[in-house]
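# Summary of structural features
Here is how the chains run, residue by residue.
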Amino acid sequence: WLDYNMPSLGALVMLDASAGQGTLRAVQAYQRRCPDAHVTYMREDALPEPLAGHSDQDVRRPALLRLRAVHGPGRWVMVSHMDEFYYHEPELVAQLLDAHGGACDVLRWHALQVVPHPSEYTRYLRGPDALVQRRFQHFWTHPKKHDRPFSERRLFRDRGRDYVAGAAAPLGTVPPGYAECHLAGPSYLHYKVVDPNPAMYDAMGRHRAHWVGPGAPGVQFRPGRKQRPLANSSAAFFTASYEEYRKVHLFDGCLSHTKGWAPAPVFERLRVDRSWPVPRGPGTCELPKGKGGRKAASPGVGPEYRPRPVAASKSGPPPAGFGGLRGVPTPVPLFR
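Residues numbered from 1 in each chain as written. Predicted model: local features only at pLDDT ≥ 70, side-chain atom pairs only at ≥ 80, totals over all residues. Heavy atoms only, no water.

The next subject is the pairing of strand S8 (residues 187-191). A regular strand places its side chains so that they alternate between the two faces of the sheet. Counting buried positions along S8 gives 5 out of 5 residues, so the element sits mostly inside the fold. Because side chains alternate across S8, one face comprises the buried residues Ser187, Leu189 and Tyr191, and the other comprises Tyr188 and His190, equally buried. Bridge count between strand S4 (residues 84-86) and S8: 3 bridges; the pairing is antiparallel. Directly across from tyrosine 86, in S8, lies its bridge partner tyrosine 188. Pairing of strand S5 (residues 106-114) with S8 involves 5 bridges; the strand directions are parallel. (Buried < 20%, exposed > 50% of the residue type's maximum accessible area, 1.4 Å probe, protein only. Helix = DSSP H or I, 4+ residues; strand = E, 2+ residues; numbered from the N terminus. Pairing = 2+ DSSP bridges.)

Quick look at the structure:
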């Protein structure tokens, strides 16, 4: 996650609630490779005050306070989870909003729901330890009666509003009360199943490491319109249907190739500058040049991503972000 997403961020604050020190060791290894990257690591069990609950609001509140203490308010904040990868560049999207006069403070992003597909099962058995972006590349759109992907408020400008601790009703992933931008959102890929290991889920598809208790959002894997017990096999996660979504697409590294839906043209020049390591397709929208001119790229074409250090802003250190997901740490980046 850090190698692929951090080059898109000014800085990051991460709230970790997982067991053990694995996440901390991964962060430390990344910081050794990229010493100029601004990553602040927090653990839930080391917070000065226990969380009031585990709602979307509760788990982000302490990190927002840390963010303001270090960088002050007024920054753009992007809420992210560790199973999500940006297709569009959050910092460039924030700059686009600033260029349009700053009349709104919250932007919805399209969350492309990547779910294991039956056509990928044989490949998974041959290499189950491959990068998640190599394992799965089918995403779902058009939930229920909608004609576009699921979207969620993820990018907001921090103008001092606080998250609500212990809220009885779901309030979403950003502080309430901000004006929403009336603009078709940019996109990220949300890998709903990172590891299709049945031992990590209960019979109803709930991840065993996810937060439970007051306020915790109900998160479970449902391969169909009705929830049925999952078979005790990795094959149960490879499905030709997903919840109430109606269309499935192959992601080849370029959403402009998608039939039936594509991001708004205004965002296409804001794509993350990288090649996706997908097993099928070019992995990028940029096609290589051949002797006969430009031609279609073959699988694997394009340089693999190489981490680059994050430069400090001329006006001071880059901002930070926050988040949390039990068992899988949830970073939330903030942008200049």
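Before going further, it helps to examine the environment of alanine 240. Mapping alanine 240 onto the fold places it in the loop between S8 and strand S9 (245-250). Remark: the alpha-carbon pair of alanine 240 and valine 115, spanning 125 residues in sequence, is separated by 9.2 Å. Contacts of alanine 240, omitting those with residues within four sequence positions, involve Pro118 and Trp140. (Contact = heavy atoms within 4.5 Å.)

Glancing now at the layout of surface pockets. Within this model, the second largest pocket holds a volume of roughly 330 Å³. Residue lining of the second largest pocket: 17 residues in total, with Asp56, Pro170, Leu171, Gly172 and Thr173 positioned closest to the centre. Those elements that place two or more of their residues in the lining of the second largest pocket are helix H3 (56-71) and strand S7 (151-157). Per-element tally for the lining of the second largest pocket: the top contributor is S7, with 3 residues. Residues belonging to the lining of the second largest pocket are distributed by class as follows: 7 nonpolar, 6 polar and 4 charged. (1 Å grid on protein atoms, 1.4 Å probe; cavity = no way out; pocket = protein on both sides within 12 Å on 5 of 7 lines; lining within 4 Å. Points joined across faces, edges and corners; volume = space filled by probe spheres on them. Nonpolar A, V, L, I, M, F, W, Y, C, P; charged D, E, K, R; others polar.)

Moving on: the packing of aromatic side chains. Counted by the stated rule, this structure contains 16 aromatic pairs. Ring geometry for tyrosine 4 against phenylalanine 85: centres 6.2 Å apart, planes inclined by 80 degrees, an arrangement best described as edge-to-face. With tyrosine 4 in helix H1 (residues 2-5) and phenylalanine 85 in strand S4, the pair connects residues that are 81 residues apart, well separated along the chain. Like phenylalanine 85, tyrosine 4 is buried. Ring pairing ties together the aromatic residues Tyr201, Phe221, Phe237, Tyr242 and Tyr245, which thus form one cluster. The side chain of arginine 161 reaches across the aromatic face of tyrosine 178, ending 5.7 Å from its centre. (Phe/Tyr/Trp six-rings, centres within 6.5 Å; stacked < 30°, edge-to-face > 60°. Lys NZ or Arg CZ within 6 Å of the ring centre and 35° of its normal.)

Three or more residues of helix H4 (residues 90-99) are buried, namely Pro90, Glu91, Val93, Ala94, Leu96 and Leu97. Looking one or two residues beyond H4, the residue adopting positive phi is glycine 101, at roughly 100 degrees.

What follows is about the state of the cysteines. With the rule as written, the count across this model stands at 2 disulfides. Disulfide pairing places cysteine 104 opposite cysteine 181 at an S-S distance of 2.0 Å. Its S-S torsion of approximately 95 degrees makes the covalent link between cysteine 104 and cysteine 181 right-handed. On the criterion of sequence distance, the pair formed by cysteine 104 in the loop between H4 and S5 and cysteine 181 in the loop between S7 and S8 is long-range, its members being 77 residues apart. You'll find cysteine 104 and cysteine 181 in the same group, each marked buried. The residue that forms a disulfide with cysteine 254 is cysteine 285, at a sulfur-sulfur distance of 2.0 Å. Between cysteine 254 and cysteine 285, the disulfide has an S-S torsion of 100 degrees and is therefore right-handed. With cysteine 254 in the loop between S9 and helix H7 (265-268) and cysteine 285 in the loop between H7 and strand S10 (289-290), this pair connects stretches of sequence that are 31 residues apart. By relative accessible area, cysteine 254 is classed as buried at 3%. On the basis of relative accessibility, which here comes to 17%, the residue cysteine 285 falls in the buried class. (Disulfide = S-S within 2.5 Å.)

What follows covers unusual backbone geometry. In this model, histidine 142 sits at a positive phi of 60 degrees, which is unusual for a non-glycine residue. Tracing the sequence through the fold places histidine 142 in strand S6 (residues 138-143). Non-glycine residue glutamate 243 carries a positive phi angle of around 45 degrees.

As a further point, take the pattern of salt bridges. In the structure shown here, the tally under the stated rule is 16 salt bridges. A salt bridge links glutamate 84 to arginine 154, with the shortest nitrogen-to-oxygen separation between them at 2.8 Å. On the criterion of sequence distance, the pair formed by glutamate 84 in strand S4 and arginine 154 in strand S7 is long-range, its members being 70 residues apart. By the burial criterion, glutamate 84 is buried, and arginine 154 matches it. The partner of glutamate 180 in a salt bridge is arginine 108, with the nearest N and O atoms 2.8 Å apart. Within this pair, whereas glutamate 180 is found in the loop between S7 and S8, its partner arginine 108 is found in strand S5, the two being separated by 72 residues in sequence. Taking relative accessible area as the criterion, arginine 108 reaches 25% and is therefore assigned partly exposed. The structure contains a network of salt bridges with shared partners spanning Asp98, Asp105, Arg157 and Arg159. (Salt bridge = Lys/Arg side-chain N within 4 Å of Asp/Glu carboxyl O.)

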